[in-house]
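What the coordinates show
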Amino acid sequence: MEKNVMSCVKHFIANEQETNRIPPALIPGALNQSLSSNIDPKTEHELYIWPFQDAIRAGAASVMCAYARFNNSYGCQNSYSMNGVLKTELGFEGFVVSDWGAQRAGLASANSGLDMAMPGSSYWQNGNLSKAVSNGSLTKSRLDDMATRILSTWYRLEELNSPAFQNPGFGLPASTTGPGVALNGTMITGGGSGSITPAYIDAPYDAFQRQAYQDRTLLAWNFVDLDVTVDQASEHCIVFINAQSSEGWDRPDLADAGSDRLVENVASQCNSTIVVLHHAGVRLVDRWIDNPNITAVIFGHLPGQDSGRALIEIMYGKQSPSGRLPYTVAKRDADYGNLLGPVLPVGVDYYTQDNFTEGVYIDYKHFIAQNITPRYEFGFGLTYSTFDYASIGVSQGYANTQYLAPNTTVAEGGLTSLWDTIATVTFDVCNVGSVAAAEVAQLYVGIPGGPQKVLRGFGKQLLQPGETGHFSLALNRRDLSTWTAQGWVLQKGTYQLYVGKSVLDIQLTSSLTI
């Protein structure tokens, strides 16, 4: 629940690459426009609008429109996406704000649904909006709507007598400089406008040094060399590598040779080498993953300020890891197909087009459809225990299962009938290991005419040794629907149900008939 601080969901919509998202305005004579993400309505709704819809239903205060063009219309003056989808179809009651400098026209953006321009607006300054109302090019009701959305969102978040409203402040403290490298050899956050400099950083080296002091063990280190010489007194070796990502550019690769060389060098000298990855997104590991001296790999992603403390918790067995991969790790970068790199202009190309011809078949849906075996599949992750699954059950409720979604009230998130529970899937998971650990059980659905499996629910429970947890995952109308020219429809037929530890490690199956 939001309280005092507004959430801003970004970037609407199809902001799927950094390259060419902004036209080269600083280059004299440049005529290039931003890249256009071109997506058909079915893919748009079933994949790219989906998370925005969830955020709006949860009460998001604002939405930020993107720099790039969507179906050849700039994101911050795209009437279809802002007025049509966001404010009408999804019932969004908050305000739409531009990305910094993403406003490209005055009246076009205002009439298309932009409510706030940041960090300012050369188009709307000096009373231009009032003049537009006076000359009839902008309606008074639209100008009132812009102001109402902004102010009502502000008032919505807290009681009027709150101290936060008596002294609202002037934003977060900021400085003009920050660290140019990851401190203490660790990376805790991505780069760009969303990055942070926290109040403190508990780096892995700091945490392992504390633990070594407590345990009275030897800790050797090297933060510089790729061809490091391993201290032969070491029983275990921990290699930290990272893959940086930032706003403003697309990652040049999914693995770098220097880091892989470091891993291989240490593993050649140490028969218990543990690799810790800090990274944003996919990082390939196949150059060294089959080395018998590499005994564990931790996909640490962007760990935040408690990076070291968190690693100590799992590496010293104080608690079991329980994370699951939110993407597929391929064996080779070519397995990702056309989605591997950004779309680039070819020749004299002022209007670069990125056609999303793959439809909804990205990540695990692509790998399954193309029969490509990954290194680690979507949803994969290990714990220090083992779990048995049993007793799957499927119960259907009394919700309307007609073909077209009932034309009920439109609330934030869209038609309220989309959230009607059509069926509930239940099953049991037992911790048959010897330590306490959390299991993340996942529910996939095979929708007629669609991908073989789509994730439609998951649950996480911490279970003691011998303890059985009961899981209950609901499937609503949207979960089972397909987008057509008529809107969301619920097809008649059989829907396959899969419950498992990952998209490929299926433990239980059943079906649902509509």
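Residues numbered from 1 in each chain as written. Predicted model: local features only at pLDDT ≥ 70, side-chain atom pairs only at ≥ 80, totals over all residues. Heavy atoms only, no water.

Some remarks on the UniProt feature "domain: Fibronectin type III-like" (unreviewed entry) in the protein
UniProt records the feature "domain: Fibronectin type III-like" (unreviewed entry) for residues 439–503 in the present numbering. Between the end C-alpha atoms of residues 439–503 there is a gap of 14 Å, over a span that is 6% helix and 62% strand. (UniProt positions renumbered as here; feature names shortened; annotations may be inferred. Helix = DSSP H or I, 4+ residues; strand = E, 2+ residues; numbered from the N terminus.)

Focus on the packing of aromatic side chains
Taken as a whole and assessed by the stated rule, the structure comprises 17 aromatic pairs. Between Tyr336 and Phe367, the ring centres sit 5.5 Å apart and the planes meet at 75°, which makes this aromatic pair edge-to-face. Residue Tyr336 is located in the loop between helix H10 (307–315) and strand E10 (353–355), and its partner Phe367 is located in helix H11 (residues 364–369); the two are separated by 31 residues in the primary sequence. For Tyr336, a relative accessible area of 12% gives the class buried. (Phe/Tyr/Trp six-rings, centres within 6.5 Å; stacked < 30°, edge-to-face > 60°. Buried < 20%, exposed > 50% of the residue type's maximum accessible area, 1.4 Å probe, protein only.)

A short note on H10
When we look at burial in H10, the residues that qualify are Ser307, Gly308, Leu311, Ile312 and Ile314. If you follow the buried residues of H10, they end up packed against helix H8 (204–215), strand E7 (237–243), strand E8 (273–279) and strand E9 (294–299). Gly317 sits one or two residues past H10 and shows a positive phi near 75°. (Contact = heavy atoms within 4.5 Å.)

Details of the packing of helix H1 (residues 41–48) against helix H2 (residues 50–57)
Describing two packed helices takes the angle between their axes plus the distance from one axis to the other. In the contact formed by H1 and H2, the axes pass within 5 Å of each other and the chain directions differ by 50°. Accordingly, the angle class assigned to the pair H1 and H2 is oblique. Along its contact with H1, which presents His45, Glu46, Leu47 and Tyr48, the element H2 presents Trp50, Pro51 and Phe52. Each residue belonging to the contact of H1 with H2 can be placed in one class, and the counts come to five nonpolar, one polar and one charged. (Axes fitted to C-alpha atoms, helices over the stretch in contact; angles between N-to-C directions. Parallel < 35°, antiparallel > 145°, perpendicular 65-115°, else oblique. Nonpolar A, V, L, I, M, F, W, Y, C, P; charged D, E, K, R; others polar.)

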